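So the chains spell out like this:
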Amino acid sequence: MFRSKSLWLILSLVYAVLADEHDHNYKDGDEVVLWMNTIGPYSNRQETYSYFSLPFCKGTKENIEHYHETLGEALLGVELEYSGLDIRFKVNQPKTEYCKKYFNVDDFDAMSFAIAHNYWYQMYMDDLPLWALVGEVDSSDPTTFIFYSHKKFEIGYNGEQIVDINITAEGKTTLKSNREVSFTYEIIWKKSEISFENRFDKYLDPTFFQHRIHWFSIFNSFMMVIFLVGLVWMILLRTLNKDYARYHKDMDLESEDGDLSDDYGWKQVHGDVFRPPMFPLLFSSFIGTGYHLLIVMFVTISLAILSEFYTERGSLLSATIFIYAICAPVNGYAGGSMYSRVGGKNWIKQMVVSAFLFPSMISTIALSVNAVAIYYHASRAIPFTTMLAIVCICAFVILPLNFLGTVLGRNLKGVADIPCRINVVPRPIPDKKWFLEPWFIVIVAGFLPFGSIFIEMYFIFTSFWAYKIYYVYGFMLLVAVILMIVTACVTIVSTYFLLNAEDYRWRWCSFLAGGSVSVYVYLYALYYFFFKTKMYGFFQTIFYFGYMGLFSMALGILCGTVGYMSTASFIHKIYSRIKLD
Ligand SMILES: *[C@@H]1O[C@H](CO)[C@@H](O)[C@H](O)[C@H]1NC(C)=O
């Protein structure tokens, strides 16, 4: 695996934010900075507060200038503050007091709340993350809170580089109000054999991301894919061939005894099947957004396979935003050309809706969560400058690129080429059994695609909400490809049923049928919340369900587009084979 340092250089130049300059090489006695980051409950990695919001105190060393955050870090609520501890490369430090703090009643309450809720704090040293528990509840007496006042750092070095850090929280102190607590630390340097390139390996958890389970699930889904593709192939080839044969026979019969050809199948709707969808503007915008998300997903996952994002804070998020911005022409191209093909006239409006559809979903949810976060003083509260940066990216990068794509799409692919003429008068849709109604088809269609991804969903959810670093992006790519294939097959089959019932409203139906996987993902998120996490409180709940909703929605738009795209090409194929006179 290679590390794309130059890419990060470009990324950080694009965002014009200065990262902390560090080449990770130290001479003996050089200062090593310990950054205090955030504190939060162990049960939800995403709920974090600034470390110094609890009554901790800083070391005696003079403050150095504040850390400059990247865009991704700011959005993730990284809040690095200097610890004030004097740490020198390869200089051992015996147990030393670095500050004293008088705990008044409020401090006592805050600290005991944190201990009762299993709060952890996080620090960074030389970009390596460190976690430690604030304290523990006395096992024999649940009203007594024990606080760890001593931090022991064991730092492994290899040559001039730091390769391994262990922190042990010791010094059990019973928490009492109106009492002074003294904070101590200790530094022990050890020679280590770990190489600098592999220093992040200990944070990856191969026993959690069991490769066997992954392979098993991939194998399972793969079998399903083979089965489904075979099914689609068989049903469609055989049925279609039969249909064509019957059609031709009827053509012969027709001359003798009239209207036999009128009473069956998908061919009846040839004059309506290419009718524009209802709400063409909204529909084209969804499709444009879907293409956009699809390409962003595949590029991001591929990039994540090649470079080790987890070694740099917030880099995955920064990269995703960057990729989203530069892929905006895809959105314009797909949405704009589709809008023009279905005869839409108001293309500027369509372009704006398409460009801002997904960003506005994100900002609605992010702003609501933000309001709660501000109320709770969580470090998740997005700073104003960061919001401004995001708005600028939307207005000055995404919109113009989208415009470019729209113009290209309208000129290159803006003319509809449909194999059948559209009748002037829409055909009435006949009554049919309830299981052929679009709503039923839509709901059922999401089930199999969900079945192919839910095992991976567990790993993705757990790495997002708990302290696990996701690193098996190769599996994620495989699962994503399988999901796309399953979605395509299922929507094609269900659209075939729909058309056979002489219902020609396939455009929205295939989009929604592909997208209904999101309903199942959201239900799974509900299950996950109640049975796999120990989250509590208003903030965590809002945060969880808000972002899970966003995730499901994005997945739905993406899969819906895949469903529509494959169904459209299928419909094109079958209708260009019937010869209409
Ligand atoms: C940190 O802990 C691990 C596991 O206990 C140990 O193998 C490693 O040597 C420790 N590193 C240092 C620098 O003490």
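Conventions adopted
For every chain, the first residue of its written sequence is number 1, and the numbers climb from 1 along that sequence. In view of the model being predicted, local features appear only for residues whose pLDDT reaches at least 70, and side-chain atom pairs are presented and counted only at 80 or more, with totals across whole chains, interfaces and linings using the full set of residues. By convention in this description, side-chain values take in all heavy atoms of the structure and omit both hydrogens and water. For helices the rule is a DSSP run of H or I covering at least 4 residues; for strands it is a run of E covering at least 2, with both sets numbered from the N terminus onward. Think of it in three bands: with a 1.4 Å probe and only protein chains considered, a residue is buried below 20% of the maximum accessible area for its type, exposed above 50%, and partly exposed in between. A 1.4 Å probe and the Shrake-Rupley method give the accessible areas. Residues count as covered only by the protein chains that appear here. Throughout, nonpolar core names a set of buried Ala, Val, Leu, Ile, Met, Phe, Trp, Tyr and Cys residues whose side chains join them through atoms within 4.5 Å. The criterion used for residue contact is that any of the two residues' heavy atoms lie within 4.5 Å. The salt bridge criterion pairs a side-chain nitrogen of Lys or Arg with a carboxyl oxygen of Asp or Glu, the two atoms within 4 Å. Consider each residue's heavy atoms; a residue with any of them within 4 Å of a molecule or strand counts as near. Here a polar contact means two N or O atoms within 3.5 Å. Within protein one must be a hydrogen donor candidate and the other an acceptor candidate, and residues neighboring in sequence count only if both atoms are side-chain atoms. Pairing of aromatic rings covers Phe, Tyr and Trp, the last through its six-membered ring, and needs centres within 6.5 Å; plane angles under 30 degrees mean stacked, over 60 mean edge-to-face, and all others mean tilted. Sitting over a ring, as applied to charges here, requires NZ of Lys or CZ of Arg to be within 6 Å of the ring centre and within 35 degrees of the ring normal. Throughout, a disulfide means two cysteine sulfur atoms within 2.5 Å of one another. Expected span of a helix, by definition, is 1.5 Å for each gap between consecutive residues, and there is one gap fewer than residues. pLDDT is a per-residue confidence score from the predictor, ranging from 0 to 100. A patch is a set of surface residues, each over 30% in relative accessible area and not in a salt bridge, joined within 9 Å for like charges and within 5 Å for the nonpolar side chains Val, Leu, Ile, Met, Phe, Trp and Tyr.

### Remarks on the overall build of the protein chain
Link 1 in the chain: Within the protein chain, the secondary structure is distributed over 15 helices and ten strands.
Link 2 in the chain: Dimensions of the protein chain, computed from the C-alpha atoms along their principal axes, are close to 105 × 50 × 45 Å.
Link 3 in the chain: Across the 581 residues of the protein chain, 51% fall into the buried class.
Link 4 in the chain: Carbon and sulfur atoms form 64% of the exposed surface of the protein chain, whose accessible area is close to 27700 Å².

### Considerations on the nonpolar core
Link 1 in the chain: Ranked by internal contacts, the top residues of the largest apolar core, which has 156 residues, are Phe56, Phe153 and Tyr575.
Link 2 in the chain: At 18 residues, the largest contribution of residues to this core is made by helix H15 (residues 538-577).
Link 3 in the chain: What tyrosine 575 contacts, discounting residues up to four positions off in sequence, is Trp266, Lys267, Val269, His270, Val273, Phe274, Pro419, Cys420 and Leu499.

### Focus on the pattern of salt bridges
Link 1 in the chain: Per the counting criterion, the structure on display carries 16 salt bridges.
Link 2 in the chain: Among the ionic pairs, aspartate 272 bridges to arginine 275, the shortest N-O distance being 2.7 Å.
Link 3 in the chain: For arginine 275, a relative accessible area of 18% corresponds to the buried category.
Link 4 in the chain: A salt bridge links arginine 505 to aspartate 503, with the nearest nitrogen and oxygen atoms 2.7 Å apart.
Link 5 in the chain: Classification of aspartate 503 by relative accessible area gives buried; the value is 0%.
Link 6 in the chain: Salt bridges here are not isolated pairs; linked through shared partners, they connect Glu73, Asp127 and Arg313.

### Description of the site of the ligand
Link 1 in the chain: Neighbouring residues of the ligand: Glu154, Ile155, Gly156, Asp164, Asn166 and Lys190.
Link 2 in the chain: Contact distances for the ligand include 2.2 Å between an oxygen atom and a side-chain N or O atom of asparagine 166.
Link 3 in the chain: Measuring from an oxygen atom of the ligand, one finds a side-chain N or O atom of lysine 190 at 3.1 Å.
Link 4 in the chain: Protein contacts shield 46% of the accessible area of the ligand, which totals 360 Å² for the unbound molecule.
Link 5 in the chain: The element best represented in the shell around the ligand is strand E8 (residues 145-158), accounting for three residues.

### Remarks on helix H13 (residues 506-515)
Link 1 in the chain: Across the ten residues that make up H13, a large majority, nine, are buried.
Link 2 in the chain: Taken together, the buried positions of H13 are Trp506, Arg507, Trp508, Cys509, Ser510, Phe511, Ala513, Gly514 and Gly515.
Link 3 in the chain: Contact partners of the buried residues in H13: helix H5 (280-306), helix H7 (328-341), helix H10 (438-445), helix H12 (473-500), helix H14 (517-531) and H15.

### Focus: the side chain of asparagine 402
Link 1 in the chain: Secondary-structure assignment places asparagine 402 in helix H9 (residues 384-413).
Link 2 in the chain: Among residues more than four places away in sequence, those in contact with asparagine 402 are Ala328, Pro329, Asn331, Gly332, Met351, Ser354 and Ala355.

### Overview of the packing of aromatic side chains
Link 1 in the chain: All chains considered together, the criterion is met by 70 aromatic pairs.
Link 2 in the chain: Judged by centre distance (6.2 Å) and plane angle (75 degrees), the ring pair of phenylalanine 113 and tyrosine 119 falls under edge-to-face.
Link 3 in the chain: Judged by its relative accessible area of 7%, tyrosine 119 falls in the buried class.
Link 4 in the chain: Taking the centre distance of 5.6 Å and the plane angle of 5 degrees together, the rings of tryptophan 506 and tyrosine 564 count as stacked. On the criterion of sequence distance, the pair formed by tryptophan 506 in helix H13 and tyrosine 564 in helix H15 is long-range, its members being 58 residues apart. Like tryptophan 506, the residue tyrosine 564 is buried in the burial classification.
Link 5 in the chain: The ring centre of phenylalanine 52 lies 4.9 Å from the NZ or CZ of lysine 58, which sits over that ring.

### Describing the state of the cysteines
Link 1 in the chain: According to the stated counting rule, one finds one disulfide in the structure shown.
Link 2 in the chain: Disulfide pairing is shown between cysteine 57 and cysteine 99; the S-S distance is 1.7 Å. One quick way to see it: the torsion about the S-S bond of cysteine 57 and cysteine 99 is about 70 degrees, and its sign makes the bridge right-handed. Here cysteine 99 lies in strand E4 (residues 93-103) and cysteine 57 lies in the loop between strand E2 (49-50) and helix H2 (71-76), a separation of 42 residues in the sequence.
Link 3 in the chain: For cysteine 57, a relative accessible area of 12% corresponds to the buried category.
Link 4 in the chain: Given a relative accessible area of 9%, cysteine 99 falls into the buried group.
Link 5 in the chain: Looking at the unpaired cysteine 327, the closest cysteine sulfur is the one in cysteine 394, lying at 14 Å.

### Considerations on H14
In an α-helix, one turn spans 3.6 residues, which is why side chains three or four residues apart end up on the same side.
Link 1 in the chain: Over its 15 residues, H14 runs 21 Å from end to end, which matches the ideal 21 Å to within 8%, given 1.5 Å per residue.
Link 2 in the chain: Buried positions along H14 lie against H10, helix H11 (447-465), H13 and H15.

### Brief notes about the confidence of the model for the protein chain
Link 1 in the chain: Across the protein chain, pLDDT averages 87, with 92% of residues at or above 70.
Link 2 in the chain: Between residues 1-21, whose pLDDT stays under 50, and residues either more than four places distant or in other chains, the model counts 32 contacts.
Link 3 in the chain: Scored below 50 in pLDDT, residues 255-263 makes eight contacts in the model with residues more than four places away or belonging to other chains.

### Regarding the side chain of threonine 495
Link 1 in the chain: Along the chain, threonine 495 falls in helix H12.
Link 2 in the chain: The exposure class of threonine 495 is buried, given its relative accessible area of 2%.
Link 3 in the chain: In this structure the side chain of threonine 495 is engaged in a polar contact, spanning 2.6 Å, whose partner is the backbone oxygen of threonine 491.
Link 4 in the chain: Discounting chain neighbours no more than four positions away, the residues touching threonine 495 are Trp506, Ser510, Thr567 and Ile571.

### Focus on a nonpolar patch on the surface
Link 1 in the chain: Taken together, the side chains of Val519, Leu523, Leu526, Tyr527, Phe530 and Phe531 make up a nonpolar region of the molecular surface, amounting to roughly 620 Å² of accessible area.
Link 2 in the chain: As for its placement among the helices and strands, leucine 523 is situated in helix H14.

### Re unusual backbone geometry
Link 1 in the chain: The backbone phi angle of aspartate 126 is positive, close to 50 degrees, even though this residue is not glycine.
Link 2 in the chain: Within the element layout of this structure, aspartate 126 appears in the loop between strand E5 (119-125) and strand E6 (128-133).
Link 3 in the chain: Given the relative accessible area of 4%, aspartate 126 is considered buried.

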